[in-house]
Amino acid sequence: MAGDEEAVELVGGSEAAADDEGVMSASLYDRFDQWRSHRYILPRHYKLQTEEDTRKYSLWSVNFMITCSAINTKMLNPNFAIMCNPYSGNPASFESTSPFGFNSATYFIPMCTLIGVAIASIFIGTMSDRLGRKSLMLVLGWISAVGSIVKYFTRHTFWGFCISNFIFGFFLGNLPIGMAYVGDIEQNQKKKEQLLGMVVGCFVLGSSGGGIIAVLMADVGLFAPLWVGAGLMVIANILSHKYMIEPAKNVVEKPIDIDIEDKFTLNEDDEDVKRPEVIDQKTLWNIVGGALLDNIGSTGLFPLCLSPLALETYYAQFEMKGEEPVMSILAYQWLSVCVALLVIPSTQMTPWFFERLGVAGVCVFGNSCTAIVTSLLLMIGTAFPATNLSFGFFVFSMYAGFPFTVFSQLTTGPMLDAIAPSDKIGFVQGLNNASMNFGMALAPWVFGLLADATSTTAAIITGICFSVAAALANAPLMRHPLMGKQSPKPPAQKRIFKGEDEEIVQKMLSGSYVDPELTLEIAKHRAMNGMPTVVPRVRPYGEEKETLGKLAKDASATFEFRRELADRILAGLASGKDDPENLEFSKEELVQFLNTVSRGDNQDQELIHQATTDLGVWMGDYLEDNGYSPHTASVLMKQMFMTAFPRLTDDGPELTEENLEEYLIRNRRVMNSYAEHKKKTSLLGIFAQNAGGYHGHGWW
């Protein structure tokens, strides 16, 4: 802190000296020499903002922490059906789950954990906005590690285990912190959507990973995986302590109005997030309400279509008859834990769908897929005989359809982030996580009660109805300017990049005349920074027909500049031959520059081809409109064209060190002939204007 105070004092003193004397104070230079000899520590948030590796490791540590928390949240899920069955034959099963029946008791245990997570999520996001992301993440992580051990020692009674799950569920809700962290450090909208999808993907992957651990440790004990969960949380805390970096709190983006109208060009800044000053409450609760309906509806698909539907259809009824079941308990456990792995392809597919449907459109599509896939599984499980073939169709339909049903859960985070001010990111993501966990907690238990009271079919149909309701609730968001389908962005050759003069580049892009020296400067700047060259719009002949005189008038400056440019380059190459050590530039550098500007690897070849085609159409229209007959004299037109545009290279458009000099000489010859011709025609025009003093109709 003392260092910060000293820096403020020095800056103040230098400003005073500048005001009084008009020059910098000499003492500032003395102190600068002192600073150079002192050790200093760069605040880590600067590295987070500027170093790609530092940023990557920080995000990885956050994602690993979220994955481990999800593992601890869902770790024992495959074992709950065995725990709640006193007749399972497993000595670790609870003796009684009174007053609940089997289905409701099976879902009551995870409900206790998720209710704790949901309640905590309401406050955790806001707390992280105020207290910081990292410190709160670490507090939750260490308490969760202790919680896994405590839960192991409360395993002897149903209610003791449920209470410990509820209490320590409060400390497993770090997902909103991770999502808010992404909102803090990433401003590019497309990258942000991908990173948020990755965070949610880690959460779902952890949910599946916990179940896999439980299945693999089935012979060790129903509750033994809790020790693995505690160990993973310790590792995650150590990694987060070392690699996670708290974002700078004092860097607040200035709110900017969002221009949602189509642009001919796209400034590079337009891809960055422009956060609003306040939350749109109507949109906020529309998103949260739709997410709640979606999570309730998803319960009809998973877990109800597995337990009790698949469990009853392909296992229980055969077991009661003493017959060989189609599906074993082990197969059921693997099906239940591995289905969550399908979120990985979902996260890879969503960017493609975002571009074509918009974020809200993908959400509605996911809701609809959930209703369709659940209906299909219900039909297979109830309308067809329980055979190996029908079971195969059941598994195939679930695994093929599940990745598309996850889309709706991967869209809520980006939609909420889009409407969140910079100081409310954690708050809105907390609401998102709370609605998700309330739905995941209450819906399975309530549906379990409904299945016990009525039938499994009735419970699943209710879930389908909620999925349809979620699609209808989210449909209005498709009209929101930030969440609906976005207008296609122009390619990079049609954009204005940071650091460029927007007015000049805009004129170039629109096909207007720009001073050739300025055009070269922009091309050079782009080539040096690995950016694609501007590809101007080729205006149709009809647009320029009335302004051809101005177009011809501007040609003199262009021809002369191009000739002079060729002269300078040729002179530089010639001097290099005589004095190689003082060569201003090498042939290799020049070839690379010219090839990059004209047809580099970073150029959109289709765009180049289209511009060339448009220019050909312009020339054809010009000929047709100015007395030529290209349709009857095409051979003559080609001959005239080749005379006007002689070859610059003999072996294709690619320049090499061998053909560079010949290319420049030919280029100069062409530009010189045009420049000299322009001078002559201009001179003849002057004589023609003053012809009365010499000859009545001009001297020629």
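Considerations on the confidence of the model for the chain
And step 1. Overall, the prediction assigns the chain a mean pLDDT of 80, with 85% of residues at 70 or greater.
And step 2. Every residue in residues 1-24 is under pLDDT 50, and counting partners more than four places away or in other chains gives eleven contacts.
And step 3. Of the regions scoring below 50 in pLDDT, residues 683-700 engages in five contacts with residues more than four places distant in sequence or in other chains.

What about unusual backbone geometry?
And step 1. Look at the link from S98 to P99: it is a cis peptide, with omega at 10 degrees.
And step 2. Tracing the backbone through its elements, the reader meets P99 in the loop between α5 (80-83) and α6 (102-131).

Things to note about a nonpolar patch on the surface
And step 1. Where nonpolar side chains cluster on the molecular surface, the patch consists of Y57, W60, F64, I235, L239 and Y243 and spans about 550 Å² of accessible area.
And step 2. Sorting the residues of the nonpolar patch by element identifies α4 (52-74) and α11 (225-243) as the ones contributing at least two each.
And step 3. Of note, Y57 is situated in helix α4.

As for the side chain of S346
And step 1. One can find S346 in helix α15 (residues 343-357).
And step 2. Owing to a relative accessible area of 0%, S346 belongs among the buried residues under this scheme.
And step 3. Apart from residues lying up to four places away in sequence, S346 is in contact with P403, F404, V406, F407 and L410.

Some remarks on the packing of α4 against helix α7 (residues 133-153)
And step 1. Where α4 meets α7, the axes come as close as 11 Å, and the angle between the chain directions of the two elements is 25 degrees. Regarding the angle of α4 to α7, the classification is roughly parallel. Judged by the sense of rotation from one axis to the other, the crossing of α4 with α7 is left-handed. Packed against α4, whose contacting residues are V62, M65 and N72, the element α7 presents M137, G141, S148 and K151 at the interface.
And step 2. Of the residues assigned to the contact of α4 with α7, the class counts are three nonpolar, three polar and one charged.

A word on helix α21 (residues 502-510)
And step 1. Listed in full, the buried residues belonging to α21 are I504, V505, M508, L509 and S510.
And step 2. In this structure, the buried residues of α21 make contact with β2 (495-496) and α22 (516-528).
And step 3. Trailing α21 by a residue or two, G511 shows a phi angle of about 90 degrees, which is positive.

Quick look at the packing of aromatic side chains
And step 1. Inspection of every chain in the model, using the stated rule, returns 30 aromatic pairs.
And step 2. Relative to F158, the ring of F94 has its centre 5.7 Å away and its plane inclined at 80 degrees; by these criteria the two rings are edge-to-face. One end of the pair, F94, is in the loop between α5 and α6; the other, F158, is in helix α8 (residues 158-169), with 64 residues separating them in the sequence. The two residues F94 and F158 agree in class, both being buried.
And step 3. Ring geometry for F559 and Y674: centres 5.3 Å apart, planes at 35 degrees, overall tilted. With F559 in helix α25 (residues 555-578) and Y674 in helix α29 (residues 660-689), the pair connects residues that are 115 residues apart, well separated along the chain.
And step 4. A connected cluster of aromatic rings, assembled from ring pairs, spans F94, F100, F108, F158, W159, F161 and F223.
And step 5. In this structure, K242 is placed above the aromatic ring of Y243, and the distance from its NZ or CZ to the ring centre is 5.4 Å.

Topic: the environment of F402
And step 1. Here F402 is to be found in helix α17 (residues 388-405).
And step 2. A residue is classified by how much of its surface remains accessible, and F402, at 11% relative accessible area, is buried.
And step 3. As a C-alpha pair, F402 and L341 span 61 residues in sequence and 9.9 Å in three-dimensional space.

What counts and how
Residues numbered from 1 in each chain as written. Predicted model: local features only at pLDDT ≥ 70, side-chain atom pairs only at ≥ 80, totals over all residues. Heavy atoms only, no water. pLDDT = per-residue confidence, 0-100. Contact = heavy atoms within 4.5 Å. Helix = DSSP H or I, 4+ residues; strand = E, 2+ residues; numbered from the N terminus. Patch = residues over 30% accessible without salt bridge, like charges linked within 9 Å, V, L, I, M, F, W, Y side chains within 5 Å. Areas by Shrake-Rupley, 256 points an atom, 1.4 Å probe, with all protein chains shown as cover. Salt bridge = Lys/Arg side-chain N within 4 Å of Asp/Glu carboxyl O. Buried < 20%, exposed > 50% of the residue type's maximum accessible area, 1.4 Å probe, protein only. Axes fitted to C-alpha atoms, helices over the stretch in contact; angles between N-to-C directions. Parallel < 35°, antiparallel > 145°, perpendicular 65-115°, else oblique. Left-handed = near helix turned anticlockwise from the far one by under 90°. Nonpolar A, V, L, I, M, F, W, Y, C, P; charged D, E, K, R; others polar. Phe/Tyr/Trp six-rings, centres within 6.5 Å; stacked < 30°, edge-to-face > 60°. Lys NZ or Arg CZ within 6 Å of the ring centre and 35° of its normal.

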